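Examination of the molecular architecture
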Amino acid sequence: MDAVFGPQMFVSEVIWKRTNTHSDAKRWSPISDSLFYYGKSNVVTWNPQHESHSEKHVSSKYRNKDESGRPYTLSDMTSPHPRPNMMYEWKGFPSPVMGWRYSRETMAKLDAEGRIWYPPSTSKRPRLKRYLDEMPGVVLPNIWTDIPPINSQAQERLGYPTQKPEALLERILRASSNKGDVVLDPFCGCGTTVQVAQRLNRRWIGIDVTHLAIGLIKTRLDDAFTPAVRQTYEVIGEPTDVAGAAQLAEENKWQFQYWALGLVGARPAEGIKKGADRGIDGRLYFHDDNTGTSKQIIFSVKGGQNISVAEVRDLRGVLEREKAEIGVYISFTEPSKPMLREAAEAGFYTSPGISGTAGGKFPRIQLLTIKGLLEGTQRLERPLHVRDVTFRKAPRSRPDAATQPSLNLTPNDEPF
């Protein structure tokens, strides 16, 4: 960061306590992350953030309540410095030695709003009512202990190893940007910064080297807002035609698999491990009955051009071995008649449906092509009225996607 911005642009360091102490006999237990705050210039966007008052502070300072039950505290209305133009009598109360803190017009306005507390005797001073629900709290220091990490039961947990809490990114973005500003995350992972920026009406650019991350982010945005959000951003760097897909398959077969699985909403069978796949490149889990039992669709992705009926036969064998409901073969090559016949002989999966929703019959073996998926002439045939449990779903965000600014999402690490 010193190299990018210059060491003189370093503003401060924030310590985030992200976990509790571990049993580590050989060193101080690492429980924090460091956030480095740099400015691009001497003029930076800074919106102070506050933490709520402690219960002890509230109970000791906000003991008064008005007619509606709103807690308030009383503060001084006298000027700390001499102000001759503020020396006047107010409703029988003589002017303080230094004068009032407010002008006569402001005093009249506060009085009309019921903001002034009057003592029973003019020997004492009127005081200003400050309501608890209007006080922003204490300005945050540079040590943050109030944002817990994402635990195993957290609703926002997506299963990504380096995922950060949305509350952490929300605090950072609120402090250092305003609505309509552009937020850049050059290593966006599962897209926490992207989702929070979208929700806070910031424009954003997210960059990641893997198509696995990009596919997860697109799914996350769909879940947090609506699928219509895809019309508001552009993905740069992933294949948009067969030629681009073939180039990706030639350059990196693993990234090609991640991208192809993303076309059908599946996840890699073994995460990002590159070991033996046992005939399975991807999986998609779903529930389509009232028992809550997870069912699965398995995927085999072929990046080459030489395929035959043997591959379809192998997929049928894997389908039986895994006791999966549907098997899908994704390739560049249009299936031959023997391949289609072999797929048809596998029969259909019949979905019972959930809570009165219609089920349906779906081919147990489906042969899809990259061209068909890109052009929209083919799609995965699967129960639609089901609960998809392939990825942990991101919780719905508050603003509607239609109100969001335009966005940018970049799935490669090439320089702009």
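Scroll up for the structure.
Residues numbered from 1 in each chain as written. Predicted model: local features only at pLDDT ≥ 70, side-chain atom pairs only at ≥ 80, totals over all residues. Heavy atoms only, no water.

The next point concerns the overall build of the protein. The helix and strand inventory of the protein stands at 11 helices and 21 strands. Counting over 416 residues, the protein shows a buried share of 42%. In the protein, the proportion of contacts linking residues at least 24 apart, taken out of those at least 6 apart, comes to 61%. Roughly 23700 Å² of accessible area belongs to the protein as shown, and the carbon and sulfur atoms make up 52% of that amount. (Helix = DSSP H or I, 4+ residues; strand = E, 2+ residues; numbered from the N terminus. Buried < 20%, exposed > 50% of the residue type's maximum accessible area, 1.4 Å probe, protein only. Contact = heavy atoms within 4.5 Å. Areas by Shrake-Rupley, 256 points an atom, 1.4 Å probe, with all protein chains shown as cover.)

Further remarks concern the nonpolar core. Counting 24 residues, the largest nonpolar core has F256, V264, I297, F299, V328, I330 and I370 as its most contacted members. Secondary structure elements with two or more residues in this core: helix 7 (242-251), helix 8 (253-263), strand 14 (282-287), strand 15 (295-301), strand 16 (326-331) and helix 11 (370-375). Once residues within four sequence positions are removed from consideration, I370 is found in contact with A245, F256, W259, A260, I330, S331 and F332. Ranked by size, the runner-up nonpolar core spans 23 residues in total, among them I214, L221, A224 and V229. (Core = buried A, V, L, I, M, F, W, Y, C linked by side-chain atoms within 4.5 Å.)

A separate point is the packing of helix 4 (residues 166-176) against helix 5 (residues 192-199). Helix-helix packing: each pair is described by the crossing angle between the helix axes and the interaxial distance. Viewed as axis vectors pointing N to C, helix 4 and helix 5 meet at an angle of 55 degrees, and their least axial separation amounts to 9 Å. As far as their axial angle goes, helix 5 and helix 4 are oblique. The hand of the helix 4/helix 5 crossing is right-handed. Residues E166, L169, E170 and L173 of helix 4 pack against T192, T193, Q195, V196, A197 and R199 of helix 5. Tallied by class, residues from the contact of helix 4 with helix 5 come to 4 nonpolar, 3 polar and 3 charged. (Axes fitted to C-alpha atoms, helices over the stretch in contact; angles between N-to-C directions. Parallel < 35°, antiparallel > 145°, perpendicular 65-115°, else oblique. Left-handed = near helix turned anticlockwise from the far one by under 90°. Nonpolar A, V, L, I, M, F, W, Y, C, P; charged D, E, K, R; others polar.)

Looking now at the sheet that holds strand 7 (residues 127-131). Paired through their backbone hydrogen bonds, the strands of a sheet run either parallel or antiparallel. Spatial strand order, 4-5-7-6: 4 strands in an open sheet with antiparallel pairing. The two strands at the open ends of the sheet, each matched to only one other strand, are strand 4 (64-65) and strand 6 (116-117). Across 5 bridges, the pairing between strand 5 (residues 71-76) and strand 7 is antiparallel. Its bridge partner lying in strand 7, T73 is registered against R130. (Pairing = 2+ DSSP bridges.)

With mixed pairing, 3 strands are arranged side by side in an open sheet as 2-1-9. With one partner strand each, in any of the chains shown, strand 2 (32-38) and strand 9 (143-144) form the two edges of the open sheet. Two elements, strand 1 (residues 10-17) and strand 2, share 7 bridges in a ladder whose sense is antiparallel. Counterpart to K17 in the pairing with strand 2 is S32.

Relative to the elements of secondary structure, T73 occurs in strand 5. Each C-alpha atom, one on T73 and one on L132, is 7.5 Å from the other, the two residues being 59 residues apart in sequence. Looking at T73, its side chain comes within polar contact range of the main-chain oxygen of K61, at 2.8 Å. (Polar contact = N/O pair within 3.5 Å; in protein donor to acceptor, adjacent residues only side chain to side chain.)

Moving on, we come to the pairing of strand 17 (residues 348-351). Residues of strand 17 alternate between two faces, with Y349 and S351 buried on one and F348 and T350 left unburied on the opposite face. Relative to strand 18 (residues 360-363), strand 17 runs antiparallel, the two being bridged by 4 bridges. Across the sheet, the residue bridging to S351 is G360, located in strand 18.

Bringing unusual backbone geometry into the picture now. The phi angle of most residues is negative, glycine excepted, and most peptide bonds adopt the trans form. For K91, which is not a glycine, the phi torsion comes out positive at approximately 50 degrees. For K91, the position within the fold is in the loop between strand 5 and helix 3 (104-112). K91 sits in the exposed class, given a relative accessible area of 53%. With a phi close to 55 degrees, K323 is a non-glycine residue in the positive phi region. Mapped onto the secondary structure, K323 falls in the loop between helix 9 (309-322) and strand 16. Judged by relative accessible area, K323 falls into the exposed class, the value being 70%.

For the structure on display, the rule yields 21 salt bridges. For the salt bridge of E320 with R364, the shortest nitrogen-to-oxygen distance reads 3.1 Å. Taken together, the residues E320 in helix 9 and R364 in the loop between strand 18 and strand 19 (365-369) connect sequence positions 44 residues apart. Residue classification places E320 among the exposed residues on the basis of a relative accessible area of 51%. (Salt bridge = Lys/Arg side-chain N within 4 Å of Asp/Glu carboxyl O.)

Further remarks concern helix 8. Each full turn of the α-helix corresponds to 3.6 residues, which orients residues three or four apart in the same direction. Counting buried residues in helix 8 gives 8 out of 11 residues, a clear majority hidden from the surface. Two to three positions downstream of the cap, the backbone nitrogen of W254 sits 3.0 Å from a side-chain oxygen, assigning the N-cap of helix 8 to N252.

What follows is about the packing of aromatic side chains. Within the structure shown, the criterion is met by 10 aromatic pairs. Where F256 meets W259, the ring centres are 6.0 Å apart and the plane angle is 40 degrees; that geometry is what we call tilted. In this pair, F256 and W259 are both assigned in helix 8, 3 residues apart and thus about one turn of the helix distant. Assessed through its relative accessible area of 1%, F256 is described here as buried. Centre to centre, the rings of F256 and F332 are 5.3 Å apart; their planes meet at 15 degrees, and the pair counts as stacked. Of this pair, F256 sits in helix 8 while F332 sits in the loop between strand 16 and helix 10 (337-344), placing them 76 residues apart in sequence. Grouped by ring-pair contacts, the aromatic residues F5, F10 and Y38 constitute a single cluster. (Phe/Tyr/Trp six-rings, centres within 6.5 Å; stacked < 30°, edge-to-face > 60°.)

Across its 14 residues, helix 9 extends 20 Å between first and last C-alpha, which sits within 8% of the 20 Å expected from 1.5 Å per residue. For helix 9, the full list of buried residues reads V312, L315, V318, L319 and E322. The arc that holds the buried residues of helix 9, viewed along the axis, is 115 degrees, so those residues lie on one side. Residues of helix 9 that are exposed and point more than 90 degrees away from the buried face comprise D314 and E320. Buried-residue contacts for helix 9 involve strand 14, strand 15, strand 16, helix 10 and strand 19. Positioned one or two residues after helix 9, K323 has a phi angle of 55 degrees, which is positive. (Expected span 1.5 Å × (residues − 1). Arc of directions from axis to C-beta.)

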